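Report on the structure
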Amino acid sequence: MHLFFWREAWRSFQAHRGLALTTVFSLAAALALAGVFLLVSWNAGQALHWIGDRREMIVYLNDDAGEAQVQALQAKIGELYGTSTFVSRAQAWEEFTTQVGDPEILKAVGTNPLPASLRVRLRPALQNFPAMSECAKQLEQFPEVEAVRFGGEWVQRLDALNAGARRAAVAVGLIVALAMVFVLHNTLRLAVLARRQQVEIMIKLGASDGFVATPFVFEALLETLAAAAVALLLVFGLQQALAQRLDGVTFLPLEWIAAFVGGALVLAWIASAAALGRILRTVGA
Amino acid sequence: MIQFEHVTKRYGERLALDDVSWRMNEGERVCLLGHSAAGKTTLLRLITHETQPTSGTVAIGTLRGGRLSRAHRALLRRTIGVIYEDFRLLGDRSVFENVALAVRISGHFADSDVIPRTLRALEEVGLHGKQAALPGELSFGERQRCAIARAIVNRPAILLADEPTGALEPRSAAEVLALLGRIQQEGAAVLLGTTRPEVDDAFGGRRIVLEDGRLREGGAPEHAFMPLPAAQASQAPHAAPPAPPAPHTGGA
């Protein structure tokens, strides 16, 4: 059933090649903007994820906390917050001496002043500033705990960066969506006008709006598909250029590419169907 | 089947139809005779709902009066075959594609339906050998036949022909009129609009005459109604006029 409409769409695409190519490149420009943003977003997300993985909470223990108490505390932490690793006073000193390295400084420090601690890797849901602050407060209530540190300032910065990225994603998405609607509406209007005689004859023969509109919608989908491919090629080129200068810049994963193309097609479908509903009312009686 | 009740149509200051009342029955053959600008095309356009009456009521089947929704208009037009004076063929489509388009619009999308119906219609009008030609490659007579094939391919209940022999030489004109007569005999109501009395004479059937937008002769069909022979009707069933549940009844 749809073969006829696809044939009609392809026929129109070929008959009005200039208009079709202009549409493809206009859409490609808008989609490339979205693609570049996705590339930045993907790589920033990867970096943030890597940094986020290193978010730890250090729970310093009282010197008089016994082994059984520490194990009980670890069990409680495992139940409520995440995984924990015990670092004894000796291990803490060993790490400290490795980091400092200078024997003169170590001699000045004298005996080991470092307390035993638990390094807590929080669950992903708790890896944000408000949740971490709350966890810290709760942990400080335990009698075995002397203090809790988690680098609140940079956690806040990371959270702000994440929120900013999300807001930017919404803004760029809206801009691209509006650009696509604008391009498709105007292109389809031109396409309908270019085929006005055909549309009028079809309406006189009793064609429903859906019958008349479907080839145009399919044509818009074809153009959007081509535009998405062009945009992805441009973004791939950019990624290759960046990868030569910056380590770790990777291209979008398959799921993101599929979502990008699928989103563009859905948007094109909605935009073209809505535009044609308006345009066809101005053609034919 | 078609009924006009006190229909008046104005285009701005110009009066195209003035208080016209007439009706036409199923399977009837009617010739609408009138000079140029007498209102024939307006009357045909009112039947297809391409325009609305300024006052009065136009009823087609069960669709009575008022402005129809776009969906109902499309439904109505799918039961009416129209042969336009200027053919209205798609210049970039072959003869076959022009006729097949009407079949697809009627709701038959599968090639297994479209191809045989289209070929049969082309055979009926004698264009079987020209199916791959573009309209621009055909003579006027052949284009007219193509337009007729497109109008009859879905076996409409009503066939409207606006000056169908206007561009034809006498022999082609006679063939076209014979073809329209045959379609009427198969069960379709055929309304032919012409400026030429000799066409009316050749076509036969009931005559209605329009003059400066007013009906001068033949508004009612009682003296000319030609009932369809039952055997022929069953051999070639024609599409019934539409009966949508609730046509819009907005302003005229």
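Residues numbered from 1 in each chain as written. Chains lettered and ligands numbered in written order. Predicted model: local features only at pLDDT ≥ 70, side-chain atom pairs only at ≥ 80, totals over all residues. Heavy atoms only, no water.

Digging into the packing of aromatic side chains
A full pass over the atoms with the stated rule returns twelve aromatic pairs over all chains. Ring geometry for Trp10 of chain A versus Phe13 of chain A: centroids 5.4 Å apart, planes at 10°, classification stacked. With Trp10 of chain A and Phe13 of chain A both in helix H1 (residues 2–15), this residue pair falls three residues apart, about one helical turn. Take Phe13 of chain A: its relative accessible area is 14%, and that puts it in the buried class. Residues Phe4 of chain B and Trp22 of chain B carry aromatic rings whose centres are separated by 5.5 Å and whose planes lie at 40° to one another, so their mutual orientation is tilted. On the criterion of sequence distance, the pair formed by Phe4 of chain B in strand E1 (residues 2–11) and Trp22 of chain B in strand E2 (residues 14–24) is long-range, its members being 18 residues apart. (Phe/Tyr/Trp six-rings, centres within 6.5 Å; stacked < 30°, edge-to-face > 60°. Helix = DSSP H or I, 4+ residues; strand = E, 2+ residues; numbered from the N terminus. Buried < 20%, exposed > 50% of the residue type's maximum accessible area, 1.4 Å probe, protein only.)

Re the side chain of Arg29 of chain B
Residue and element names in this part refer to chain B. Position of Arg29 relative to the elements: it lies in strand E3 (residues 29–34). Although Arg29 is buried, it makes no salt bridge; Asp200 carries the closest opposite charge, 9.4 Å away. Of note is the side chain of Arg29, whose polar atom sits 3.0 Å from the side chain of Gln184. (Lys, Arg positive; Asp, Glu negative; His and termini not counted. Salt bridge = Lys/Arg side-chain N within 4 Å of Asp/Glu carboxyl O. Polar contact = N/O pair within 3.5 Å; in protein donor to acceptor, adjacent residues only side chain to side chain.)

Observations concerning the packing of H1 of chain A against helix H9 (residues 209–245) of chain A
All names here are of chain A. Relative to each other, H1 and H9 sit at 60°, their axes nearing to 8 Å. Both H1 and H9 take part in a crossing whose hand is right-handed. Note on element contacts: H9 touches H1 through Phe211, Thr214, Pro215, Phe218, Glu219, Leu222 and Glu223, opposite His2, Phe4, Phe5, Trp6, Glu8, Ala9, Trp10, Ser12 and Phe13. When its residues are assigned to classes, the contact of H1 with H9 shows ten nonpolar, three polar and three charged. (Axes fitted to C-alpha atoms, helices over the stretch in contact; angles between N-to-C directions. Left-handed = near helix turned anticlockwise from the far one by under 90°. Contact = heavy atoms within 4.5 Å. Nonpolar A, V, L, I, M, F, W, Y, C, P; charged D, E, K, R; others polar.)

Examining the domain arrangement of chain A
Frequently, the measure chosen for interface size is the accessible area that the parts lose on association. Domain annotation of chain A identifies domain 1 (2–51 + 158–280) and domain 2 (56–149). For domain 1 of chain A versus domain 2 of chain A, the separation of C-alpha centres amounts to 52 Å. (Domains from an automatic or database assignment.)

Topic: the UniProt feature "domain: FtsX extracellular" (unreviewed entry) in chain A
When the UniProt feature table is mapped onto this chain numbering, "domain: FtsX extracellular" (unreviewed entry) sits at residues 56–148 of chain A. Within residues 56–148 of chain A, the helical portion is 48% and the strand portion 23%, while the C-alpha atoms at the span's ends are 11 Å from each other. (UniProt positions renumbered as here; feature names shortened; annotations may be inferred.)

Looking at the sheet that holds strand E4 (residues 145–149) of chain A
Residue and element names in this part refer to chain A. With antiparallel pairing, four strands are arranged side by side in an open sheet as E2-E3-E1-E4. Only two strands of the sheet have a single neighbouring strand rather than two, namely strand E2 (82–87) and E4. Across the sheet, the axes of successive neighbouring strands diverge by a mean angle of 20°, strand direction being ignored. Both strand E1 (residues 57–61) and E4 contribute to a ladder of four bridges, which runs antiparallel. Opposite Ile58, over in E4, you have Arg149 as the bridge partner. (Pairing = 2+ DSSP bridges.)

Focus on the sheet that holds E2 of chain B
All names here are of chain B. Strand order in the open sheet formed by four strands is E2-E1-E4-E5, with antiparallel pairing between adjacent strands. In the strand order of this sheet, the two ends are held by E2 and strand E5 (63–64), each with one partner. Across the sheet, helix H1 (residues 40–47) is in contact with E1, E2 and strand E4 (55–60); its angle to E1 comes to roughly 120°.

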